[in-house]
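# Architecture and fold: a report
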Amino acid sequence: MADLILALDQGTTSTRAIVFDPVAWRPVATAQMPLEQHFPHPGWVEHDADEVWRAALQVCREAIDQAGGPDRIATLGLTNQRETTVLWERATGRPLHRAIVWQDRRTAAVTDALKAGGHEPMIQAATGLVLDPYFSASKIAWLLDHIDGARVRAEAGDLCAGTIDAWLMFKLTGGQCHVTDVTNASRTSLFDLTTLSWRDDLLALFNVPRAVLPEVVPSAGPFGETPPELFGQPIPITGCAGDQQAALVGHGALTPGATKITYGTGAFLVAHTGDRPVASTNRLLSTVAYQAGGQTAYALEGSIFSAGSTVQWLRDAMGAVGHSRETEAVAQALPDNGGVYLVPGFTGLGAPFWEAEARGAVFGLTRDAGPANIVRAGLEAMAYQTRDLIDALKADGAPAPRRLRVDGGVTANGWVMQFLADITDCEVERPAYQEMTALGAARLAALGAGLIDTLDQPPSGEPALWSPSMTEAERARLLAGWDAAVAGCLANARA
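A few points on the structure. Everything numeric here is computed off the predicted structure, so don't read it as measured data.

What counts and how
- Residues numbered from 1 in each chain as written.
- Predicted model: local features only at pLDDT ≥ 70, side-chain atom pairs only at ≥ 80, totals over all residues.
- Heavy atoms only, no water.
- Helix = DSSP H or I, 4+ residues; strand = E, 2+ residues; numbered from the N terminus.
- Rg over C-alpha atoms; globule rule 2.2 N^0.38 Å.
- Contact = heavy atoms within 4.5 Å.
- Areas by Shrake-Rupley, 256 points an atom, 1.4 Å probe, with all protein chains shown as cover.
- 1 Å grid on protein atoms, 1.4 Å probe; cavity = no way out; pocket = protein on both sides within 12 Å on 5 of 7 lines; lining within 4 Å.
- Points joined across faces, edges and corners; volume = space filled by probe spheres on them.
- Buried < 20%, exposed > 50% of the residue type's maximum accessible area, 1.4 Å probe, protein only.
- Pairing = 2+ DSSP bridges.
- Axes fitted to C-alpha atoms, helices over the stretch in contact; angles between N-to-C directions.
- Salt bridge = Lys/Arg side-chain N within 4 Å of Asp/Glu carboxyl O.
- Parallel < 35°, antiparallel > 145°, perpendicular 65-115°, else oblique.
- Nonpolar A, V, L, I, M, F, W, Y, C, P; charged D, E, K, R; others polar.
- Phe/Tyr/Trp six-rings, centres within 6.5 Å; stacked < 30°, edge-to-face > 60°.

## Remarks on the overall build of the chain
What the chain contains, in helices and strands, is 16 helices and 23 strands. A globule of 495 residues ought to have a C-alpha radius of gyration of about 23 Å, and the chain, at 22 Å, matches this closely. Taking the principal axes of its C-alpha atoms as reference, the chain extends roughly 65 × 50 × 40 Å. Taking the contacts inside the chain whose residues are at least 6 apart along the sequence as the reference set, 72% of them involve residues at least 24 apart. Summed over all atoms, the accessible surface of the chain reaches about 17,700 Å², with 51% contributed by carbon and sulfur.

If you want it as structure tokens, here you go:
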């Protein structure tokens, strides 16, 4: 009997498939593969789109086999790294270039020129986004301009462009569906938040032909189905959302004011704002949270570009620890941060600064500072950046979250979670089950397939909680040091 839900979670550093029991919402099968990142030039980040597809196919097959075969799978939901952009041939499904990853900064000159031309206020009003190479529009244009003949072929309808969800939907349906959901469309700089459609003036501004773009559909509902040869029999695809929006659904943060932050490669704070977009005056992003059952929900979002990737840098490039889990003991062993701050601007700084030219910097080094101080500073930076986002939310008039819901690999570090509670002066809640992006995709798929009537169900199990215990004076002292370090980093970037 088909009674299980397959969630495909394609992330920046790995691809995983999880099969859920939709009664208890617990996993019954899991498969995962790492994903290689390519850095052909400073500030450039790429993925092999074919590798993404091969990994997606393999992990789905492994998870389906573990769950008892394709007869058990009622439907499939997809969640994905957002903004990462692929260009491929419509007839063959062959990618024409490596995917340009969301972290990539190669189009900074393009977005800077548009900003200098005075276009940012109009773009932000229409799309909810600031002008930054993070988003997909300038990536699509770069691909069309740097691949021989691509622009002419795109205008003729021979090529498809899209984010990772669109790429995987095309491959999963045997080339039958070129679609994207509203949450991913809202991250392109080409999509109107109010009309929920592509805007011709933005297409013209970024020089992206409409013919290359996917059809935009809700987050829950029929997307298509897999051909029998992929998994042994057709499986309907009935849910899709970008990873951060899917995590919001997974947390059950479905009412205005509910806030979550996911600590993955980057970190992304998303606050539910209700049934209409809210314009930010503090450099946060207004975005679609999800569209399901005829209702559209919106959110404000703050993006931190380096979170888990900072820990990877400490481990792999600096050799400061042998394994990521060692960072907790290293931080705990120090009585304080010794005045050392690490600003992880490895691929620029995200919200609320949006400085594409920023680079990583360490401040406050003395003769007695060592690798342990830098490790602790890297962990502390995640909490400081989160506090910056919460301050921006407050300045935009959003209610301060009484409880911050967290997920992602970094949340296994109890020292970081306590420091986060202390610096944000907010209770921190980590659910018993951590895979919120996959859980959100599964719930959207279940709703789209008619297996459930509502998304409104919090994660099961008892969460872990951390409460703030730091004095206000100590919090203010540490934040003043952080603010000074960020100011120094920004000054260097703008010199």
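Moving on from the coordinates now.
## With respect to the layout of surface pockets
Estimates place the volume of the largest pocket at around 1,000 Å³. Surrounding the largest pocket, 43 residues form its lining, Tyr263, Gly264, Thr265, Gly408 and Gly409 being those nearest its centre. Elements with a contribution of two residues or more to the lining of the largest pocket: β2 (14-21), α10 (243-250), β15 (259-263), α11 (308-316), α12 (326-333), α13 (371-395) and α15 (436-448). Looking at the lining of the largest pocket element by element, the count peaks at five residues for α11.

## What about helix α6 (residues 164-172)?
Buried residues dominate α6, accounting for nine of its nine residues. For α6, the complete set of buried residues consists of Ile164, Asp165, Ala166, Trp167, Leu168, Met169, Phe170, Lys171 and Leu172. Among the residues trailing α6, Gly174 stands out with phi positive, at a value near 65°.

## Here's the deal with the sheet that holds strand β5 (residues 73-80)
The mixed open sheet is built from six strands, whose spatial order is β3-β2-β1-β5-β14-β13. Sheet topology places β3 (26-34) and β13 (220-225) at the edges, where each strand pairs with a single neighbour. Taking each pair of neighbouring strands and ignoring which way they run, the sheet shows an average axis angle of 25°. Across the sheet, helix α1 (residues 49-67) touches β1 (4-10), β2, β3 and β5, and the angle it forms with β3 is around 150°.

## A word on the pattern of salt bridges
In this structure the tally under the stated criterion is 28 salt bridges. Between Asp316 and Arg315 there is a salt bridge, and its shortest N-O distance comes to 2.6 Å. With relative accessibility at 27%, the residue Arg315 sits in the partly exposed group. The salt bridge partner of Glu474 is Arg477, with a shortest N-O separation of 2.9 Å. With a gap of three residues between them, Glu474 and Arg477 both fall in helix α16 (residues 472-493), about one helical turn apart. In this structure Arg477 comes out as partly exposed when scored by relative accessible area, which is 45%. Three or more residues are tied together by salt bridges with common partners; here these are Arg82, Glu83, Arg187, Asp243 and Glu301.

## Considerations on the packing of helix α14 (residues 414-424) against α16
Between α14 and α16, the least distance of the axes is 9 Å, while the angle of their chain directions is 95°. The orientation of α14 with respect to α16, classified from their angle, is roughly perpendicular. Seen from α14, the contacting residues are Phe419, Asp422 and Ile423; seen from α16, they are Arg475, Leu478 and Leu479. Of the residues belonging to the contact of α14 with α16, the class tally is four nonpolar, no polar and two charged.

## Concerning empty space enclosed by the protein
Applying the stated rule across the entire model yields two cavities of 30 Å³ or more. Together, 13 residues line the largest cavity, and Leu349, Gly350, Ala351, Phe353 and Gln385 are the ones closest to its centre. Of all the secondary-structure elements, those providing two or more residues to the lining of the largest cavity are β18 (295-304), α13 and α16. Residue classes in the lining of the largest cavity are distributed as nine nonpolar, three polar and one charged. One number sums up the size of the second largest cavity: a volume of about 60 Å³. Forming the boundary of the second largest cavity are Thr85, Ser136, Ile140, Gly162, Thr163, Thr180, Asn184, Ala185, Thr188, Trp198, Leu213 and Pro214. Secondary structure elements with two or more residues in the lining of the second largest cavity: α4 (136-146), β8 (159-163) and α7 (182-185). Partitioned by chemical class, the residues of the lining of the second largest cavity number five nonpolar, seven polar and no charged.

## Some thoughts on the packing of α10 against α15
Put simply, α10 and α15 touch, their axes get as near as 7 Å, and they point 80° apart. Taken as axis vectors, α10 and α15 run roughly perpendicular relative to one another. On the side of α10, the interface is formed by Asp243, Ala246, Ala247, Val249 and Gly250, while α15 contributes Met436, Thr437, Leu439, Gly440, Ala441, Arg443 and Leu444. Per-class residue counts for the contact of α10 with α15 are seven nonpolar, three polar and two charged.

## Focus: unusual backbone geometry
Of note, the bond from Ala351 into Pro352 is cis; its omega dihedral lies within 30 degrees of zero at -5°. With respect to the helices and strands, the residue Pro352 is situated in the loop between β19 (341-343) and β20 (361-363). The phi dihedral of Glu83 is positive, around 70°, even though this residue is not glycine. Mapped onto the elements of the fold, Glu83 is located in the loop between β5 and β6 (85-89). At Leu196, a position not held by glycine, the phi torsion is positive, near 55°. Within the secondary structure, Leu196 is located in the loop between β10 (191-192) and β11 (197-198).

## Notes on the packing of aromatic side chains
All told, the structure shown has 18 aromatic pairs when counted by the stated rule. Seen from their ring centres, Phe135 and Trp354 are 5.9 Å apart, and the 40° between their planes marks the pair as tilted. In this pair, Phe135 is assigned in the loop between α3 (120-127) and α4 and Trp354 in the loop between β19 and β20, connecting sequence segments 219 residues apart. For Trp354, a relative accessible area of 4% puts it in the buried group. Put simply, the rings of Trp102, Tyr134, Phe135, Phe268, Phe305 and Trp354 touch in pairs and so form one group of aromatic residues.

## Digging into the pairing of β2
Working note: regular strand, side chains alternate between the two faces of the sheet. With seven of eight residues buried, β2 lies mostly within the body of the structure. Examined bridge by bridge, β1 and β2 share six bridges and lie antiparallel to one another. In the sheet register, Gln10 faces β2, and the bridge partner there is Thr15. The sheet contact formed by β2 and β3 spans eight bridges and is antiparallel. Considered in β3, the bridge of Phe20 is made with Pro27. Hairpin connection of β2 to β3: four residues between the antiparallel strands, including Trp25 at a positive phi of 55°.

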